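# Results of the structural survey
So you can see what is in the structure, the chains are spelled out below.
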Amino acid sequence: MTDNSALVSVGFGNIVSGARIIAVVTPDSAPVKRLIQDARDRRLLIDASCGRKTRAVLVMDSGHVVLSALQSETIARRLNTEWSMEG
């Protein structure tokens with residue numbers, strides 16, 4: 001088993017731990033919008049979009065929700081690149 005503790009850039013100088021990401025989803029659906037609002041209410045929302053349109057939502061194992069201006073496919077590609085370089 002590899003140690004997937006690589007850091008992944010989510011845009012604009014913001015970095016998260018790849019090992020702590022549970023899901024990367026698009027913010028368009030109503031359930032994801034509710035997830036974002038719930039995280040905001042619980043003060044677990046991290047806005048890493050720097051004022052730009054949110055294009056991806058990262059759900060972390062700690063319960064935090066991270067908003068990113070990068071597309072979910074871009075983040076997934078970066079995750080796969082980091083994991084394949086470790087293995």
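Residues numbered from 1 in each chain as written. Predicted model: local features only at pLDDT ≥ 70, side-chain atom pairs only at ≥ 80, totals over all residues. Heavy atoms only, no water.

Another aspect to go through is the sheet that holds strand β5 (residues 56-60). The pairing of strands in a sheet comes from backbone hydrogen bonds and takes either a parallel or an antiparallel form. Within the open sheet, the four strands sit side by side as β3-β5-β6-β4. Their pairing is mixed. Strand pairing shows two members of the sheet lacking a second neighbour, β3 (21-25) and β4 (45-47), which therefore form its edges. When the angles between neighbouring strand axes are averaged without regard to direction, this sheet yields 20°. Here three bridges tie β4 to strand β6 (residues 65-68), and the two strands are oriented parallel to one another. Residue pairing in the sheet places Ile46 in a bridge with Val66 of β6. (Pairing = 2+ DSSP bridges. Helix = DSSP H or I, 4+ residues; strand = E, 2+ residues; numbered from the N terminus. Axes fitted to C-alpha atoms, helices over the stretch in contact; angles between N-to-C directions.)

As a further point, take the pairing of β6. Neither face of β6 is open: one carries Val65 and Leu67, the other Val66 and Ser68, and all of them are buried. Where β5 and β6 come together, four bridges link them in antiparallel fashion. Of the residues in β6, the one forming a bridge with Val57 is Leu67. Counting the residues that bridge the hairpin from β5 to β6 gives four residues, and of these Gly63 lies at a positive phi of roughly 95°. (Buried < 20%, exposed > 50% of the residue type's maximum accessible area, 1.4 Å probe, protein only.)

Further remarks concern unusual backbone geometry. Look at Phe12: it is not a glycine, yet its phi comes out positive at around 60°. You can see Phe12 is positioned in the loop between β1 (7-11) and β2 (14-17). Relative accessible area serves as the criterion here: at 44%, Phe12 is assigned to the partly exposed category. The backbone of Cys50 shows a phi angle near 55°, a positive value even though the residue is not glycine. As for its placement among the helices and strands, Cys50 is situated in the loop between β4 and β5. Residue class for Cys50 comes out partly exposed when judged on its relative accessible area of 45%.

Moving on: the environment of Gln37. Checked against the element boundaries, Gln37 lands in helix α1 (residues 30-41). Given the relative accessible area of 34%, Gln37 is considered partly exposed. Taking C-alpha positions, Gln37 is 9.9 Å from Val65, a pair spaced 28 residues apart along the chain.

The values are spatial; any link to function lies outside them.
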